[in-house]
Amino acid sequence: MLLFTGMAAASDGYDFSGTWQMVLDTATRAAVPVLGSTTIRTHQTMVATVARTGTDAFVVSHDVCTLVAETRPALATTHFPDAFVNAIPDKSYPLELSEEGGRLRARMNLQPLAVGYDPGKTTALPQSLDAPSIVDWDNDGKAAATIEIQVPLLGTVEVYQVQVATAMLDGWVRSNDEISGGAAVVGLQQRTLGASNRLFVQNPTLSADPSASSFSMTRAPEGTRCPSG
């Protein structure tokens, strides 16, 4: 429905085809048994290609370049190894457009992202590292997905997790070269199934904070790719 209601406005001087830089900032509140209450902010950069699929219909395909986390208060630092970032699959999804109040609204459903397990083998999040649906998701030789927690006095602790969540982007076309707005993470589930330090085999209560989450898309030179290395 959104694609059709937006056709008249989309055809009025807009062509989103081409290469874009996407930035997704999300905030999650966590009650961590070892570290206390924290807010984890993640900053994700992507290179996206927008392709026309009809007269006024577009599809977005993105490749994740970087993923950085910041924890406040800074009781510990979360680090996503290169193997984790490289394992995040490319995604394709419609750029849904609708005209509202003389403005062009843009929505994107990035679809569920399952980390550390094969969702085709289970209907629920795995509860142990030897569950049949667990995979070496990031190809680092360890089950599930490996995240590093850097803790003062303790050093770096490896945490083996599974997670599933869907990012929903809801914003406005600012110009032919800029789209931005709010972001929401829905269906968020996460479990820590193991760690190099047993104190960190904990499962905090998580809640996404859409009020502190946002996205932006700005047009980039054709041929732009994620930096290598």
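Structure's up top.
Residues numbered from 1 in each chain as written. Predicted model: local features only at pLDDT ≥ 70, side-chain atom pairs only at ≥ 80, totals over all residues. Heavy atoms only, no water.

A closer look at the overall build of the chain
Regarding its fold elements, the chain presents three helices and twelve strands. Taking 17 Å as the expected radius of gyration for a compact globule of 229 residues, we find that the chain reaches 19 Å, a close match to that expectation. Considering only C-alpha atoms, the chain reaches an extent of 60 × 35 × 35 Å along its principal axes. Buried residues in the chain amount to 43% of all 229 residues. Within the chain, residue pairs in contact and separated by at least 24 positions form 64% of the contacts whose partners lie at least 6 positions apart. Across the chain, the 15 positively charged side chains and the 23 negatively charged ones have centroids separated by 5 Å. (Helix = DSSP H or I, 4+ residues; strand = E, 2+ residues; numbered from the N terminus. Rg over C-alpha atoms; globule rule 2.2 N^0.38 Å. Buried < 20%, exposed > 50% of the residue type's maximum accessible area, 1.4 Å probe, protein only. Contact = heavy atoms within 4.5 Å. Lys, Arg positive; Asp, Glu negative; His and termini not counted. Charge placed at Lys NZ, Arg CZ, Asp CG, Glu CD.)

What about the layout of surface pockets?
Its volume calculated, the largest pocket comes out at about 320 Å³. Along the wall of the largest pocket there are 14 residues; nearest its centre are Cys65, Thr66, Val85, Asn86 and Pro227. When contributions to the lining of the largest pocket are tallied by element, the ones reaching two or more residues are β3 (58-72) and α3 (82-87). Considering each element in turn, the lining of the largest pocket owes the most residues, six residues, to β3. When its residues are assigned to classes, the lining of the largest pocket shows eight nonpolar, four polar and two charged. (1 Å grid on protein atoms, 1.4 Å probe; cavity = no way out; pocket = protein on both sides within 12 Å on 5 of 7 lines; lining within 4 Å. Points joined across faces, edges and corners; volume = space filled by probe spheres on them. Nonpolar A, V, L, I, M, F, W, Y, C, P; charged D, E, K, R; others polar.)

Some points on the packing of aromatic side chains
In the structure shown here, the tally under the stated rule is five aromatic pairs. Judged by centre distance (5.1 Å) and plane angle (45 degrees), the rings of Phe80 and Phe84 are tilted. (Phe/Tyr/Trp six-rings, centres within 6.5 Å; stacked < 30°, edge-to-face > 60°.)

Section: empty space enclosed by the protein
In the structure shown here, the tally under the stated rule is one cavity of 30 Å³ or more. When its volume is computed, the largest cavity comes out at roughly 1000 Å³. What lines the largest cavity is a set of 47 residues, and nearest its centre among them are Thr42, Phe80, Ile147, Gln163 and Gln190. It is strand β9 (residues 155-175) that provides the largest number of residues to the lining of the largest cavity, a total of six residues. Class assignment of the residues belonging to the lining of the largest cavity gives a composition of 30 nonpolar, 16 polar and one charged.

Some remarks on the pairing of strand β5 (residues 91-100)
As paired elements, β3 and β5 share five bridges and run antiparallel to each other. Of the residues in β5, the one forming a bridge with Val60 is Tyr93. By the bridge criterion, five bridges tie β5 to strand β6 (residues 103-109) in an arrangement that is antiparallel. Bridging across to β6, Glu96 finds its partner in Arg107. The hairpin formed by β5 and β6 contains two residues between the paired strands, and Gly101 there has a positive phi angle of roughly 60 degrees. (Pairing = 2+ DSSP bridges.)

Some thoughts on the nonpolar core
One recurring pattern in soluble globular proteins: nonpolar side chains tend to sit buried together. Formed by 42 residues in total, the largest nonpolar core has its most connected members in Phe16, Phe84, Leu95, Met108 and Ile179. If you look at the next biggest cluster of nonpolar residues, it comprises ten residues, including Tyr117, Ala131, Ile134 and Val162. (Core = buried A, V, L, I, M, F, W, Y, C linked by side-chain atoms within 4.5 Å.)

Some thoughts on the environment of Gln150
For Gln150, the position within the fold is in strand β8 (residues 145-151). Its relative accessible area of 32% is what places Gln150 among the partly exposed residues. Sequence separation between Gln150 and Leu75 is 75 residues; the distance between their C-alpha atoms is 9.2 Å.

Focus on the environment of Leu206
Topologically, Leu206 is positioned in strand β11 (residues 205-208). The exposure class of Leu206 is partly exposed, given its relative accessible area of 26%. Separated by 110 residues in sequence, Leu206 and Glu96 place their C-alpha atoms 29 Å apart.

What about the pairing of β8?
Burial of β8 is extensive: six of the seven residues sit out of reach of the surface. Relative to β8, strand β4 (residues 77-79) is paired through three bridges, and the arrangement is antiparallel. Across the sheet, residue His79 finds its bridge partner in β8, namely Glu148. Direction of pairing for β8 relative to β9: antiparallel, over a ladder of seven bridges. Its bridge partner lying in β9, Gln150 is registered against Thr156. Once β8 ends, the chain turns through three residues before running back antiparallel as β9, passing Leu153 with a positive phi of about 75 degrees.

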